[in-house]
Amino acid sequence: VQLQASGGGLVQPGGSLRLSCAASRSIFGIIAQDWYRQAPGKQRELVASISSRGTTSYIDSVKGRFTISRDNAKKTMYLQMNSLKPEDTAIYYCKMRGYSDRPFDYWGQGTQVTVSS
């Protein structure tokens, strides 16, 4: 399975971006889908998650600004990012995790988000 992340770019503070992450095929046994980010010189951090039941969670710094969602028919997950701040600048990675005959997690290749005036 390959995950293709897209939608990153350069945006001014206060702007919006929508990230997408498309799977190369249907994945059975998904427990949750996540967006992570890694800023220069910092550890990768979990930004948002959506469970198989649709329950979402976010780190405090993005609550009210970011929204995670998915379209199962399109095998795609999304991260809508509004009111972007310079501190949101990072490489964003998607992950799909779950259990089939064994635990699995699949990572996308990352997409750069730069928030700057």
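Whatever comes next refers back to the structure up there.
**Q** Could you give me a rundown of the sheet that holds strand β1 (residues 3-6), with the residues and numbers involved?
**A** The four strands are arranged β1-β3-β8-β7 in an open sheet whose pairing can be described as antiparallel. Of all strands in the sheet, those bounded by a partner on one side alone are β1 and β7 (66-71). Sheet twist, expressed as the average angle between the axes of neighbouring strands with direction ignored, equals 15 degrees. The pairing of strand β3 (residues 17-23) with strand β8 (residues 76-81) spans six bridges and is classified as antiparallel. Its bridge partner lying in β8, Leu17 is registered against Met81.

**Q** With reference to specific residues and values, describe the layout of surface pockets.
**A** Of the pockets and cavities examined, the largest pocket occupies roughly 180 Å³. Surrounding the largest pocket, 13 residues form its lining, Ile27, Ile30, Gln33, Asn72 and Lys75 being those nearest its centre. Of all the elements in the fold, those that place two or more residues in the lining of the largest pocket are β4 (30-38) and β7. Considering only residue class, the lining of the largest pocket consists of four nonpolar, five polar and four charged.

**Q** Let's hear about the side chain of Ser20: which residues, and what values?
**A** Relative to the helices and strands, Ser20 is located in strand β3. Each residue touching Ser20, except ones within four places of it in the same chain, is listed here: Gln4, Ala5, Ser6, Trp35, Thr76, Met77 and Tyr78.

**Q** Talk me through the state of the cysteines; I want residue IDs and the actual numbers.
**A** Taken as a whole and judged by the stated rule, the model has one disulfide. Here Cys21 pairs with Cys94 through a disulfide, and the sulfurs are 2.1 Å apart. The sign of the S-S torsion, about 65 degrees, decides the handedness of the disulfide formed by Cys21 and Cys94: right-handed. Of this pair, Cys21 sits in strand β3 while Cys94 is found in strand β9 (residues 90-99), placing the two residues 73 residues apart along the sequence. When its relative accessible area of 0% is taken as the criterion, Cys21 is described as buried.

**Q** With reference to specific residues and values, describe the environment of Ser16.
**A** Note on placement: Ser16 falls in the loop between β2 (9-11) and β3. The spatial distance from the C-alpha of Ser16 to the C-alpha of Gly64 is 13 Å, given a sequence separation of 48 residues. Apart from the residues lying within four places of it in its own chain, the contact partners of Ser16 are Val11, Gln80, Met81, Asn82, Ser83 and Leu84. Side chain to side chain, Ser16 and Asn82 meet in a polar contact 3.0 Å long.

Cut-off values and rules
- Residues numbered from 1 in each chain as written.
- Predicted model: local features only at pLDDT ≥ 70, side-chain atom pairs only at ≥ 80, totals over all residues.
- Heavy atoms only, no water.
- Pairing = 2+ DSSP bridges.
- Helix = DSSP H or I, 4+ residues; strand = E, 2+ residues; numbered from the N terminus.
- Axes fitted to C-alpha atoms, helices over the stretch in contact; angles between N-to-C directions.
- 1 Å grid on protein atoms, 1.4 Å probe; cavity = no way out; pocket = protein on both sides within 12 Å on 5 of 7 lines; lining within 4 Å.
- Points joined across faces, edges and corners; volume = space filled by probe spheres on them.
- Nonpolar A, V, L, I, M, F, W, Y, C, P; charged D, E, K, R; others polar.
- Contact = heavy atoms within 4.5 Å.
- Disulfide = S-S within 2.5 Å.
- Buried < 20%, exposed > 50% of the residue type's maximum accessible area, 1.4 Å probe, protein only.
- Polar contact = N/O pair within 3.5 Å; in protein donor to acceptor, adjacent residues only side chain to side chain.

So yeah, pure geometry; function would need other evidence.
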